[in-house]
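Descriptive analysis of the structure
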Amino acid sequence: MIPVFIGGTTTVASDKLLAIIDWKYFQEGENKAYLAACQGRISDITEGGTPKSLVVTADELYISPISPLTLKKRSDRMKKGIYEFNSVEED
């Protein structure tokens, strides 16, 4: 299990990711109705920002401020074992 940062303070285990979908597909029609039906399972982690993607796991859906392409790249890196950790040193 490798955590993938998806926005805000939220990470999702890479093996739990089912789909990362562009948010524009949920603005109207059947997809918008699907979101309405999923109320109670959706977490908006945009912190007031612009939604860019919907991250789907078996248990929850996340509205993320990070683009689907960026999330896919992060997920792919984790699956390949390429980890990027940024540390801050204090004086």
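The structure this text deals with has already been given above.
Residues numbered from 1 in each chain as written. Predicted model: local features only at pLDDT ≥ 70, side-chain atom pairs only at ≥ 80, totals over all residues. Heavy atoms only, no water.

1. So, unusual backbone geometry
Applied cut-off: Helix and strand assignments come from DSSP, with helices taken as H or I runs of at least 4 residues and strands as E runs of at least 2, each series counted from the N terminus. Only protein chains enter the accessibility calculation, which uses a 1.4 Å probe. A residue is then buried if its area is under 20% of the maximum for its type, exposed if over 50%, and partly exposed in between.
With a phi angle near 50°, Glu47 is a residue other than glycine that sits in the positive phi range. Mapped onto the elements, Glu47 comes out in the loop between strand E4 (42–44) and strand E5 (53–57). For Glu47, a relative accessible area of 68% corresponds to the exposed category.

2. Describing the environment of Val4
Within the fold, Val4 resides in strand E1 (residues 3–7). Residue class for Val4 comes out buried when judged on its relative accessible area of 2%. Along the chain, Val4 and Ser75 lie 71 residues apart, while their C-alpha atoms are 6.2 Å from each other.

Interpretation in functional terms is not warranted from these geometric data alone.
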